[in-house]
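# A closer look at the structure
Below, each chain spelled out in residue letters.
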Amino acid sequence: MAEAMAAGMIESGTIEPERIIMTNRSNEQRRQELMENHGVLATQSIEFAVREADVVILAMKPKDVERALEGIEDFITNEQLLLSVLAGVPSSFIEEKLEGEQPVIRVMPNTSSMIGKSISALAAGEHVSDEQVTIARALIRSIGETVVIEEEQMDVFTGVAGSGPAYIYHVIESLEKAAVEGGIETETARKMAVQTVLGAGMMAEQSEDSPSALRKKVTSPNGTTQAGLEALYENGGGEAIEAAVENAATRSKEISNQFNKKPVTQ
Ligand SMILES: NC(=O)C1=CN([C@@H]2O[C@H](COP(=O)(O)OP(=O)(O)OC[C@H]3O[C@@H](n4cnc5c(N)ncnc54)[C@H](O)[C@@H]3O)[C@@H](O)[C@H]2O)C=CC1
Ligand SMILES: O=C(O)[C@@H]1CCC=N1
């Protein structure tokens, strides 16, 4: 995720690559790769990275955050803005760990950051000024669209947009599989599936019609789409997506709850 965000920020011209410091403590090859592929500075020293930064972005797994915070608490200052992309980790947990009045903004991007097409939510913690929200939004805007939400909405946002690309990739996989099973060559099948999703997404973005109106326009009475949708609904279509969001949001909530009772295991 950190790499996707860095790539998006660099690609959009929002920040020069040499102003981004990435850390990896143990993997020299990975540091080399990050420097060569993106032109960023990659260091083993978390202390150096944090001391140099105006904005610190946390992007480790939730299970690693406690140790990560213990590793920076001695040198991070309240003048530095901390962005956390960690699913489910409450800003209050980070604030309590770091003491003082650390400005913390939770950010939930998705992996489409890599090409500047994320939709990212920002939720400000207790010690964040309006100006810091503006700064964070400008930074995160470089990887796609942004919305500012209440922290309690983060779970459902994560279920829809953080995890959402995976559901859409699954749709692409299914379309491709069906095309191949129908006798189409794999490369063409992939192209058909991807372009169908891309075209529908762009239509939904650019058309004045709602997605529902657009769906109706594809659906000729008693035609092929009607037959296709009937099978989709019979097999749980939209409900499956809603269940996916609900389960992901529940998992996000579960992770949050774990941060109120230690130790953290997931
Ligand atoms: N993958 C995704 O689509 C999204 C992920 N996220 C969040 O982003 C975070 C990272 O996810 P991924 O990139 O998928 O995981 P990942 O496992 O690919 O990357 C996590 C990185 O953090 C490093 N790390 C662990 N402890 C560290 C420490 N103390 N200091 C510095 N680095 C440390 C690990 O070595 C690893 O390279 C998670 O908290 C996840 O909830 C949020 C939105 C979308
Ligand atoms: O699967 C996860 O936990 C992360 C958070 C949102 C997307 N990926």
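Residues numbered from 1 in each chain as written. Chains lettered and ligands numbered in written order. Predicted model: local features only at pLDDT ≥ 70, side-chain atom pairs only at ≥ 80, totals over all residues. Heavy atoms only, no water.

Attention now goes to the packing of helix α1 (residues 2-11) against helix α2 (residues 28-38). At their nearest, the axes of α1 and α2 sit 11 Å apart, and the two run at 20° to each other. For the element pair α1 / α2, the angle class is roughly parallel. The handedness of the crossing between α1 and α2 is right-handed. Listed contacts from α2 to E3, A7 and I10 of α1 are R30, L34 and H38. (Axes fitted to C-alpha atoms, helices over the stretch in contact; angles between N-to-C directions. Helix = DSSP H or I, 4+ residues; strand = E, 2+ residues; numbered from the N terminus. Parallel < 35°, antiparallel > 145°, perpendicular 65-115°, else oblique. Left-handed = near helix turned anticlockwise from the far one by under 90°. Contact = heavy atoms within 4.5 Å.)

Although it is not a glycine, E99 adopts a positive phi angle of roughly 60°. Position of E99 relative to the elements: it lies in the loop between α5 (91-98) and β5 (104-108). Although it is not a glycine, N222 sits at a positive phi angle of roughly 60°. Tracing the sequence through the fold places N222 in the loop between α10 (211-218) and α11 (224-234).

Attention now goes to the layout of surface pockets. The computed volume of the second largest pocket comes to approximately 1500 Å³. Along the walls of the second largest pocket sit 40 residues, with A2, I21, M22, T23 and I57 positioned nearest its centre. Contributing elements (two or more residues each) for the lining of the second largest pocket: α1, β1 (21-23), α2, α3 (46-52), β3 (55-58), α4 (65-72) and α6 (130-141). Class assignment of the residues belonging to the lining of the second largest pocket gives a composition of 26 nonpolar, five polar and nine charged. (1 Å grid on protein atoms, 1.4 Å probe; cavity = no way out; pocket = protein on both sides within 12 Å on 5 of 7 lines; lining within 4 Å. Points joined across faces, edges and corners; volume = space filled by probe spheres on them. Nonpolar A, V, L, I, M, F, W, Y, C, P; charged D, E, K, R; others polar.)

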